[in-house]
Amino acid sequence: MALDLDWVGAAQANTSAIERRAASLGARRSVKKDYQAAWLLRAITCIDLTTLSGDDTKARVKRLCDKARRPLRDDLLKALDIASLQTGAICVYHDMVETAVSALEGSGIPVAAVSTGFPAGLSPLELRIAEIKASVAAGAREIDIVISRRHVLTQNWQALYDEMQAFRAACGEAHVKAILATGELGSLRNVARASLICMMGGADFIKTSTGKESVNATLPVSLVMVRAIRDYHDRTGYAVGYKPAGGISKAKDALVYLSMIKEELGDQWLRADLFRFGASSLLGDIERYTMSMYDTYGDGWNGATVDLYYNGVYGQTFGTAFTTGDSLIVDFDVCTGTEIAVVNGAQGSYPSEVYYTLSNASGTQNVSVSSGNFNVGAVDTVMSNCVTPSCPTPSNLG
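Residue numbers here run from 1 along each chain, matching the order of that chain's written sequence. Local features in a predicted model are, by the rule used here, given only for residues with pLDDT of at least 70; side-chain atom pairs are given and counted only at 80 or more, and totals for whole chains, interfaces and linings are based on all residues. Hydrogen atoms and water are omitted, and side-chain values are computed over all heavy atoms in the structure.

A short note on the confidence of the model for the protein
Part 1: Residues with a pLDDT of 70 or more make up 90% of the protein, whose mean pLDDT is 89.
Part 2: This stretch, residues 386-398, has a pLDDT under 50; its non-local contacts, to residues over four places away or in other chains, come to 27 contacts. Confidence of the predictor at the level of single residues is given by pLDDT, which spans 0 to 100. Contacts: residue pairs with any heavy atoms within 4.5 Å of one another.

Pasting the structure below:
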């Protein structure tokens, strides 16, 4: 649509009210049991599974594509009565587009390419446009562009609009996601106005961040952006998508964002064509494990411990907090591909009373030690959904 500076100038952001609303989202919304599983499955279908590292290789991208095709193990899908599941897209640098397109052939999963001098967006305009065209030619169906933040900071809305229109034209049939880099825009009001400008200029999605800024996706910024989307839809009838990116690595965070989208925009936006997560580690949290510790006498473990090692590196110890009662259940998270070594540590005062199970997210017991069989030094090894021989370092170390 044509640039409407009156509309842009009228856009405001009440920071205190927005922050109060954002603070209330996680505090008062709770999704439990079967509903939680359904919402987390929906979250997986909205993930842009991403690798944007300087040491990316074709092998790494191929592994990521395998993960996009099969984000959960077959036993989890069976337990949840789901026939199949895929992520929303794969997001890579331009140089890896052809590799990803080839690896995803026949899956229907689109490849998204970051572009236009990502992440700073400071290369010459003609080079940024050429980069978009090259990624589209290589098979990218979605282009994540970065705007020139200086246009926002100097209130040069015409320049931002012209830039967005040029990027939109270069994308052709590919969808374009406009990355605002909200952590560098100075104020929530600037976020609101930049959101409107990008939508007027033809963005199919507006996206919070590159993931490289010091501040990435936050709930206050997200509220400003989704309300701009709602306003734009109300006035034009055109539905623009939303993508928070950077810092969303926990399943509970995903649930908060989904709840916000449902309340602010409605069920129409709870689909991959209008909502995405930019996340490279979110799946590792959704596939969580549970250590269930029990004591036959009912007075805790009395000094007994179990140590966990992740890919050969010490991770954590269970049992030290189990000082009373007959059970203690603890959830913990590991990333996909982690080898978990479960080692019986200290025997404590009454090892014959100690028993435990280690279960995956579907409830399958991967390790089970019955009462009277707690032998110090005994080791059980579990592989956490490793789809290839090469497994990454667990994200929860360090």
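Regarding the nonpolar core
Part 1: For the purposes of this section, nonpolar cores are sets of buried Ala, Val, Leu, Ile, Met, Phe, Trp, Tyr and Cys residues that join through side-chain atoms within 4.5 Å. We call a residue buried when its accessible area falls under 20% of the maximum for its residue type, exposed when it is over 50%, and partly exposed in between, using a 1.4 Å probe and counting protein chains only. With 82 residues, the main nonpolar core has Ile90, Ile145, Ile261 and Phe277 as its most contacted residues.
Part 2: Grouped together as the second largest cluster of nonpolar side chains are 20 residues, Phe322, Ile340, Val342 and Tyr356 included.

Let's talk about the side chain of serine 107
Part 1: Secondary-structure assignment places serine 107 in the loop between helix H6 (97-103) and strand E3 (111-114).
Part 2: Residue classification places serine 107 among the buried positions, given a relative accessible area of 13%.
Part 3: When residues no more than four places from it in sequence are discounted, the contact partners of serine 107 are Arg69 and Gln86. Strands are runs of DSSP state E lasting at least two residues, helices are runs of H or I lasting at least four, and both sets are numbered from the N terminus onward.

Considering unusual backbone geometry
Part 1: Following phenylalanine 118, the chain continues into proline 119 via a peptide bond in cis, with omega recorded as 0°.
Part 2: Looking at where proline 119 falls in the secondary structure, it is placed in the loop between E3 and helix H7 (125-138).
Part 3: Of note in the backbone geometry, threonine 116 takes a positive phi value of approximately 55° without being a glycine.
Part 4: With respect to the helices and strands, threonine 116 occurs in the loop between E3 and H7.
Part 5: We classify threonine 116 as buried; its relative accessible area is 0%.
Part 6: Even without glycine at this site, alanine 181 takes up a positive phi of about 55°.
Part 7: Along the chain, alanine 181 turns up in the loop between strand E5 (175-179) and helix H10 (188-200).

A look at the packing of helix H9 (residues 157-171) against H10
Part 1: Comment: axis = line fitted to C-alpha atoms, over the contacting stretch for helices; angle = value between 0 and 180 degrees taken between N-to-C directions. One can describe the packing of H9 onto H10 by two numbers: an axis separation of 8 Å at closest approach and a directional angle of 40°. Taken together, H9 and H10 sit at an angle that is classed as oblique. Two packed elements cross with a definite hand, and for H9 against H10 that hand is right-handed. Only Asn190, Arg193, Ala194, Ile197, Cys198 and Met200 of H10 make contact with H9, whose side of the interface consists of Trp157, Leu160, Tyr161 and Met164. Throughout, the term roughly parallel applies to angles under 35 degrees, roughly antiparallel to angles over 145, roughly perpendicular to angles from 65 to 115, and oblique to all others. Put simply, a crossing is left-handed when the front helix is turned counterclockwise from the back one by less than a right angle, and right-handed when it is turned clockwise.

Concerning the pairing of strand E4 (residues 142-146)
Part 1: Within E4, five of the five residues are buried, which leaves it mostly tucked inside the rest of the structure.
Part 2: Here E4 shows no split at all, with Glu142, Asp144 and Val146 on one side and Ile143 and Ile145 on the other all buried.
Part 3: Place the viewer so that the strands point away; then a crossover is right-handed whenever the path from the first strand over the helix to the second strand goes clockwise. Since E3 and E4 lie parallel, the crossover through H7 that links them has a hand, and here it is right-handed.
Part 4: Any two strands between which DSSP finds at least two bridges are classified as paired. Across five bridges, E4 lies against E5 in parallel orientation. Bridging across to E5, glutamate 142 finds its partner in histidine 175.

Regarding the environment of aspartate 299
Part 1: By secondary structure assignment, the location of aspartate 299 is in the loop between strand E9 (288-295) and strand E10 (304-310).
Part 2: Beyond its immediate chain neighbours, meaning those up to four positions away, aspartate 299 contacts Thr323, Thr324, Gly325 and Glu353.
Part 3: Under this definition, polar contacts are N or O atom pairs within 3.5 Å; protein pairs additionally need one hydrogen-donor-capable and one acceptor-capable atom, and for neighbouring residues in sequence, both atoms have to be side-chain atoms. Only 3.2 Å separates the side chain of aspartate 299 from the side chain of asparagine 302, close enough to count as a polar contact.

Regarding the side chain of threonine 305
Part 1: Mapped onto the fold, threonine 305 is located in strand E10.
Part 2: Residue classification places threonine 305 among the buried positions, given a relative accessible area of 11%.
Part 3: From its side chain, threonine 305 meets the backbone nitrogen of alanine 346 in a polar contact 2.9 Å long.

Describing H9
Part 1: To estimate how far a helix should reach, multiply one less than its number of residues by 1.5 Å. Between its terminal C-alpha atoms H9 stretches 21 Å, which fits the 21 Å expected from 15 residues at 1.5 Å a residue.
Part 2: Where H9 is concerned, the buried positions are Trp157, Ala159, Leu160, Tyr161, Glu163, Met164, Phe167, Arg168, Ala170 and Cys171.
Part 3: Those residues of H9 that are buried lie in contact with helix H1 (5-10), H7, E4, helix H8 (149-153), E5 and H10.
Part 4: After H9 finishes, the residue glycine 172 shows a positive phi value of roughly 60°.

Considering the pattern of salt bridges
Part 1: Basic side-chain nitrogens of Lys or Arg form a salt bridge, by our definition, when they fall within 4 Å of a carboxyl oxygen of Asp or Glu. Applying the stated rule across the entire model yields 20 salt bridges.
Part 2: One salt bridge in this structure joins aspartate 144 and lysine 207, with 2.8 Å as the shortest N-O distance. Of the two residues, aspartate 144 sits in strand E4 while lysine 207 sits in strand E6 (residues 205-207), which places them 63 residues apart along the sequence.
Part 3: For lysine 207, a relative accessible area of 3% gives the class buried.
Part 4: One salt bridge in this structure joins aspartate 144 and lysine 243, with 3.0 Å as the shortest N-O distance. Remark: lysine 243 occurs in strand E7 (residues 241-243) and aspartate 144 occurs in strand E4; sequence separation between them is 99 residues. Of the two residues, aspartate 144 and lysine 243, neither departs from the other in class, the shared state being buried.
Part 5: Linked through salt bridges whose partners overlap, the residues forming this network are Asp48, Glu142, Asp144, Lys177, Lys207, Lys243 and Arg276.

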